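Notes for the structure review
In case you want the letters, here they are:
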Amino acid sequence: MSCTEPTASPLRGPRRVVRDRHRDSTQWDAITPRTDDIIVASCYKSGTTLTQQIVNLLVNGVREFDHLRNLSPWVDSVDLHIGAERVEALSSPRFLKSHLPFDALPYHEQWRYIYLVRDGRDVCVSLFDQCRELEQHRPFDAHGNRVDYGSSDFSRFWDEWLLDGRPYWPLWDHIDSWWCARSRSNVLLLHFDALVGDKPAQVRRIAEFLGLPWSPKRGHMVCEHSSLEYMKSMERAGKLGKPVPKQTARFINKGTNGRWQGRLSSQQIERYFTMLYDRLEPACADWVSAREGAELTSFRAAPRVAPGTPRG
């Protein structure tokens, strides 16, 4: 995996085209860019919904809405595609959701991009739990085909996910594409651990990044209305996630980290860290894994090393 350090120039190579059963990057082509657009992105299960709510509160204040996806649509979603007309009808500033790598998204210097990352072990556990819920309530797609939600055995699910991202897409390439853009002034990388561990500081950081007004009172309101308890109440009211029969499937799971402990063998954990440091540069790998001493909220650019190079 190679990484070219970004420059101040807005120009980059041709956008990567991503098409799979979940995403279609070409759906962004129908969106007319606005100078104040905000993109909230992640690979998956890394705090995207939480950050959408934080941005919503910072932009709009406390307000009623029928569903978060109508305020902040997932533009590249195949299944939830709502069409360009509805995106164009949104008031400014729009805050749009994506699960694309950085180089598959349109790039505009005036846009603000927020990317969430999380320890891969926690990502996989959360993804496994969600897949089991979806498998129970939506086993077939719109064409009557059975959907692949991965193995119901967590150990096997982990091994297959770690290898190639099944049943979704690989984590490493996704993180790397955003890490390579970290030096751009309009890109903010956030770690889920920092977001939930010191939310007031991270909320202020997001507000300042977006150039939005800030005060301790405003920060308290945002933290209160983006708490796990409040988010779960939104889910129970049917305002988060994709609708399922009787709202029995959970879109938000525990909202905590470390649930992989006792579920992964020492060999599986060792292989995870081997792949982590083989596929990402050391500074990025330290940051993703929230290693002791690693800075979760900011980082210095480091020379790119070839995959597999000893750390010394």
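This structure is a prediction, so every number in the text was calculated from the model and none was measured.

**Points about empty space enclosed by the protein**
Taken as a whole and assessed by the stated rule, the structure comprises 1 cavity of 30 Å³ or more. Considering only enclosed or pocket space, the largest cavity measures out at about 40 Å³ in volume. Taken together, I31, W74, V75, L80, H81, I82, G83, A84 and V87 make up the lining of the largest cavity. Of the residues assigned to the lining of the largest cavity, the class counts are 7 nonpolar, 2 polar and no charged.

**Things to note about the confidence of the model for the protein**
Close inspection of predicted coordinates is inappropriate for parts of the model with low pLDDT. Confidence in the prediction for the protein averages 86 pLDDT; 84% of positions are at 70 or higher. Note on residues 5-11: pLDDT is under 50 here. Beyond four places in sequence and across chains, it has 14 contacts. Per-residue pLDDT stays below 50 along residues 243-251; that stretch engages in 21 contacts with residues further than four places along the chain or on separate chains.

**Describing the nonpolar core**
Among the nonpolar cores identified, the biggest contains 56 residues, and Y113, W161, L276 and V288 are the most heavily contacted of them. When residues in this core are grouped by element, the largest group, 7 residues, is from helix α4 (residues 120-137). Setting aside residues no more than four positions away along its own chain, V288 makes contact with V117, R118, D119, I175, H191, Y272, L276 and L280. In this structure, I38, I54, F209 and C223 belong to the second largest nonpolar core, which totals 28 residues.

**A look at helix α9 (residues 216-224)**
By the burial criterion, the buried members of α9 are G219, M221, V222 and C223. Where α9 is buried, its residues contact α1 (48-60) and α8 (199-210).

**A few points about unusual backbone geometry**
Omega for the peptide link from S92 to P93 comes to -5°, which places this bond in the cis form. Following the sequence through the fold, P93 ends up in the loop between α3 (84-88) and β2 (95-98). The omega torsion across R166 and P167 is 10°, close enough to zero to call that bond cis. Here P167 shows up in the loop between α5 (154-164) and α6 (171-179).

**Details of the pairing of strand β1 (residues 38-42)**
Burial analysis of β1 places 5 of its 5 residues in the buried class, which makes it a mostly covered element. Going residue by residue along β1, you find I38, V40 and S42 tucked away on one face and I39 and A41 tucked away on the opposite face as well. Note that β1 and β2 share 4 bridges and pair parallel. Across the sheet, I38 pairs through a bridge with F95, a residue of β2. Both β1 and strand β3 (residues 112-117) contribute to a ladder of 5 bridges, which runs parallel. Its bridge partner lying in β3, I39 is registered against Y113.

**What about the packing of aromatic side chains?**
On inspection of all chains with the given rule, the structure shows 18 aromatic pairs. Between the aromatic rings of W28 and W111, the centroid separation amounts to 6.2 Å while the plane-to-plane angle is 50°, which identifies the pairing as tilted. Taken together, the residues span a long stretch of sequence, with W28 in the segment before β1 and W111 in the loop between β2 and β3 at a distance of 83 residues. Of the two residues examined, W28 and W111, each falls in the buried class. Ring centres 5.8 Å apart and planes at 45° place the aromatic pair W172 and Y272 in the tilted group. Here the residue W172 occupies a position in helix α6, and Y272 occupies one in helix α11 (residues 266-279), the gap between them amounting to 100 residues. Owing to a relative accessible area of 3%, W172 belongs among the buried residues under this scheme. These aromatic residues form a ring-pair network of at least three members: W28, F102, Y107, W111, Y113, Y115 and W178. Here the basic side chain of R118 rests over the ring of F192, its NZ or CZ set 4.1 Å away from the ring centre. The ring of F154 has R263 lying over it, and the distance from NZ or CZ to the ring centre is 4.6 Å.

Definitions and cut-offs
- Residues numbered from 1 in each chain as written.
- Predicted model: local features only at pLDDT ≥ 70, side-chain atom pairs only at ≥ 80, totals over all residues.
- Heavy atoms only, no water.
- 1 Å grid on protein atoms, 1.4 Å probe; cavity = no way out; pocket = protein on both sides within 12 Å on 5 of 7 lines; lining within 4 Å.
- Points joined across faces, edges and corners; volume = space filled by probe spheres on them.
- Nonpolar A, V, L, I, M, F, W, Y, C, P; charged D, E, K, R; others polar.
- pLDDT = per-residue confidence, 0-100.
- Contact = heavy atoms within 4.5 Å.
- Core = buried A, V, L, I, M, F, W, Y, C linked by side-chain atoms within 4.5 Å.
- Buried < 20%, exposed > 50% of the residue type's maximum accessible area, 1.4 Å probe, protein only.
- Helix = DSSP H or I, 4+ residues; strand = E, 2+ residues; numbered from the N terminus.
- Pairing = 2+ DSSP bridges.
- Phe/Tyr/Trp six-rings, centres within 6.5 Å; stacked < 30°, edge-to-face > 60°.
- Lys NZ or Arg CZ within 6 Å of the ring centre and 35° of its normal.

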